[in-house]
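# Descriptive analysis of the structure
One letter stands for each residue in the lines below.
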Amino acid sequence: MHLQDILSDIEHIAKTTVSKEATAIDQEGKWPENSIRELQQAGLGGLVVSKELGGHGFGLHAIARACEILGQVSGSVALCYGMHCVGSAVIGAKATDEQKEDFLKPIAQGKHLTTLALSEPGTGAHFYYPQAQLLPLSEDQFILNGTKSFVTNGNHADSYVVTTAGVDPEAARDEFSCLVLRNDTPGIAWGPEWKGLGMRGNSSRSLLMKDLLVPSHHLLGDIGDQLWYIFHVVAPYFLTAMSGTYLGIAQAAFNEARTHLIERSYRHSGTTLSQNTILQHRIGTLWSKLERTRQLLYHATLEGDKEESTAILPILSSKAEIGYTCVDVVNEAMTLMGGIGYSQHSRMDVLLRDARAAHVMAPTTDILYTWLGRALLEQPILDS
Ligand SMILES: Cc1cc2nc3c(=O)[nH]c(=O)nc-3n(C[C@H](O)[C@H](O)[C@H](O)COP(=O)(O)OP(=O)(O)OC[C@H]3O[C@@H](n4cnc5c(N)ncnc54)[C@H](O)[C@@H]3O)c2cc1C
């Protein structure tokens, strides 16, 4: 299937099922069951799974575009779907034959939902320094202990891509391990649901892992190559999914403001706001801001899909830039819409709250600019 056909399918689902569910997602904090299941049933669960395994074989650009479309209707749906795609890409990066059968084929068939469980309460935004412990119990089993925080898709997912500290206690801090944990592993427990200001349907919660037995064939890649995972798979895919999501939110806010300026007319003058020069200038500025970050993201993902080594800088930069664009565009759009835009439970209310998550989702905006600076100054990217 061509990317354009996939995007048309996603657009159709966004305009129908996602749109119908969007208010309940925000107001009731409902996990978007109908939207996610429909995306899976339409064969879109395997967006980034290879074609040999039944997926579509797409990469970074497709994730960005898919999340951008979904984010225009519901930030939470884009986030939940995006996390599934990022998790699929991480599993697929160095999958063994067993992992292909157990995880990737069911993902492509729409029967398996995965997600990322990287963040921990102890290391917060520094998700690349996990403290969860993975110790060998026997030749074919590990024992896993630790806590993951803010796990999007919570207990709705069938599996979790989990990071843990190095198996060797003497291992360097960045020699962590990465594995896939099944939801039905005996002993898995959940903390209370986290209630966010926005992104209220993503069902984030803490995953409590106490003495869990994990088969050794669930290890992703080799011990010690996990930094490769972070910079070659997790960061590019995650940043791209989130950039698309927040770009979609910003676009939705822009559309609301534009419609308001066109439709709002005054009885005293018979003019519409679209005829006001200052407001014309302001909407032009907003469009420019939105479009230049969109072009940065599209450029970054197309280069990333070609595996250009130079792509990492625009990929890092695009999430940081879109964080600012999203918050600024939503703020400005709200001002342009006057009291109507400021109403509780209005579309702008949801967009403003969803947008704010852009800066704090790791890698956070501040950390991304620091990584960029370090890369440009030929310093090690991660802090010591
Ligand atoms: C809606 C939502 C969904 C999420 N979903 C997931 C998920 O599915 N999986 C997952 O693993 N995680 C998820 N997270 C977690 C998220 O990615 C972050 O890891 C987490 O929000 C940041 O941790 P913290 O709150 O402890 O922030 P803290 O670590 O307390 O950081 C607070 C602030 O300090 C800044 N800061 C910290 N250190 C530095 C530094 N060295 N330089 C500059 N600034 C610094 C940070 O940028 C941040 O702004 C989600 C978070 C949100 C809000």
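In the block above lies the structure referred to throughout.
Just so you know, these numbers come straight off a predicted model, no measurement behind them. (Residues numbered from 1 in each chain as written. Predicted model: local features only at pLDDT ≥ 70, side-chain atom pairs only at ≥ 80, totals over all residues.)

For the rest of this paragraph, the subject is the overall build of the protein. If you tally the helices and strands in the protein, you get twelve helices and seven strands. Rg of the C-alpha trace for the protein: 21 Å, near the compact-globule value of 21 Å for 384 residues, within the 12% margin. Principal-axis analysis of the C-alpha atoms places the extent of the protein at approximately 80 × 45 × 40 Å. Of all 384 residues assigned to the protein, the portion counted as buried reaches 49%. (Helix = DSSP H or I, 4+ residues; strand = E, 2+ residues; numbered from the N terminus. Rg over C-alpha atoms; globule rule 2.2 N^0.38 Å. Buried ≥ 20, exposed ≤ 12 C-beta atoms within 10 Å, placed from the backbone.)

Take the site of the ligand next. What surrounds the ligand is a group of 25 residues, the closest being Ser119, Gly124, Phe150, Thr152 and Thr364. Elements supplying a minimum of two residues to the shell around the ligand: β1 (114-117), β3 (141-151), α11 (357-360) and α12 (365-376). Tallied by class, the residues present in the shell around the ligand amount to 14 nonpolar, nine polar and two charged. (Near = placed C-beta within 6 Å. Nonpolar A, V, L, I, M, F, W, Y, C, P; charged D, E, K, R; others polar.)

Looking now at the sheet that holds β1. Hydrogen bonds between backbone groups are what pair the strands of a sheet, and the pairing can be parallel or antiparallel. Here we have three strands laid out as an open sheet, ordered β1-β4-β5, and mixed in their pairing. Both edges of this open sheet fall to β1 and β5 (177-182), since each of them pairs with a single strand only. When strand polarity is set aside, the average angle formed by the axes of neighbouring strands in this sheet is 25°. Across six bridges, strand β4 (residues 159-164) lies against β5 in antiparallel orientation. The residue of β5 that forms the bridge with Tyr160 is Leu181. Each of β1, β4 and β5 is contacted by helix α4 (residues 75-93), which is oriented at about 85° to β1, the strand it contacts most. (Pairing = 2+ DSSP bridges. Axes fitted to C-alpha atoms, helices over the stretch in contact; angles between N-to-C directions. Contact = placed C-beta atoms within 7 Å.)

On to the packing of helix α6 (residues 226-263) against helix α7 (residues 277-305), then. The contact between α6 and α7 brings their axes to 10 Å, and the two run at 160°. It follows that α6 is roughly antiparallel to α7 by the angle criterion. Along this stretch, α6 crosses α7, giving a crossing that reads as left-handed. Taken together, the residues of α7 that come into contact with α6 (itself represented by Pro236, Thr240, Ser243, Leu247, Ala250, Gln251, Phe254, Ala257, Arg258 and Leu261) are Leu279, Ile283, Leu286, Trp287, Leu290, Thr293, Arg294, Leu297, Thr301 and Gly304. (Parallel < 35°, antiparallel > 145°, perpendicular 65-115°, else oblique. Left-handed = near helix turned anticlockwise from the far one by under 90°.)

This paragraph deals with the environment of Ala250. One can find Ala250 in helix α6. It is 21 Å that separates the C-alpha atoms of Ala250 and Ala24, two residues lying 226 residues apart in sequence. Residues contacting Ala250, with those up to four places away along its chain left out, are Leu290, Thr325, Cys326, Val329 and Val330.

Ile63, Leu70, Ala250, Ala253, Cys326, Val330 and Ala333 are the most contacted members of the largest nonpolar core, which has 113 residues in total. With 19 residues, α6 is the largest single contributor of residues to this core. When near neighbours in sequence (up to four residues on either side) are disregarded, Ala253 contacts Val329, Val330, Ala333, Met348 and Leu351. (Core = buried A, V, L, I, M, F, W, Y, C linked by C-beta atoms within 7 Å.)

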